[in-house]
Amino acid sequence: ARVAMLIDEQGQVVDWTLTETSGVPVLDAQTCILLKRRARFAPARGPDGKAIKSGYQQRITWEVR
């Protein structure tokens, strides 16, 4: 699965979009739940040093054993 996230000036995930499915709906839902709960970011900084909104993409590979 691949997820795109919008990060605010405080480093919090404020929006996310599943951009590529794993092919398994339960795993896609779990991907979003885990990222919302665990994702932590330091805020991005602009040329002037002030915190700015930013984007981040993450690919999650699930392995079923």
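Scroll up to find the structure.
Residues numbered from 1 in each chain as written. Predicted model: local features only at pLDDT ≥ 70, side-chain atom pairs only at ≥ 80, totals over all residues. Heavy atoms only, no water.

> Explain the pattern of salt bridges to me, please; I cannot follow it from the model alone.
As a working rule, side chains carrying opposite charge can pair if their charged atoms are close by. Under the defined criterion, the tally for this structure stands at 3 salt bridges. Among the salt bridges present, the one from Glu-20 reaches Arg-59, with a minimum N-O distance of 2.9 Å. Placement of the pair is Glu-20 in strand E2 (residues 13-20) and Arg-59 in strand E5 (residues 54-59), with a sequence separation of 39 residues. In this structure Glu-20 comes out as partly exposed when scored by relative accessible area, which is 33%. The salt bridge involving Arg-65 is made with Glu-63; its shortest N-O contact spans 3.0 Å. Judged by relative accessible area, which is 86%, Arg-65 ranks as exposed. When salt bridges with common partners are traced through the structure, they connect Arg-2, Glu-20 and Arg-59 into a single cluster. (Salt bridge = Lys/Arg side-chain N within 4 Å of Asp/Glu carboxyl O. Helix = DSSP H or I, 4+ residues; strand = E, 2+ residues; numbered from the N terminus. Buried < 20%, exposed > 50% of the residue type's maximum accessible area, 1.4 Å probe, protein only.)

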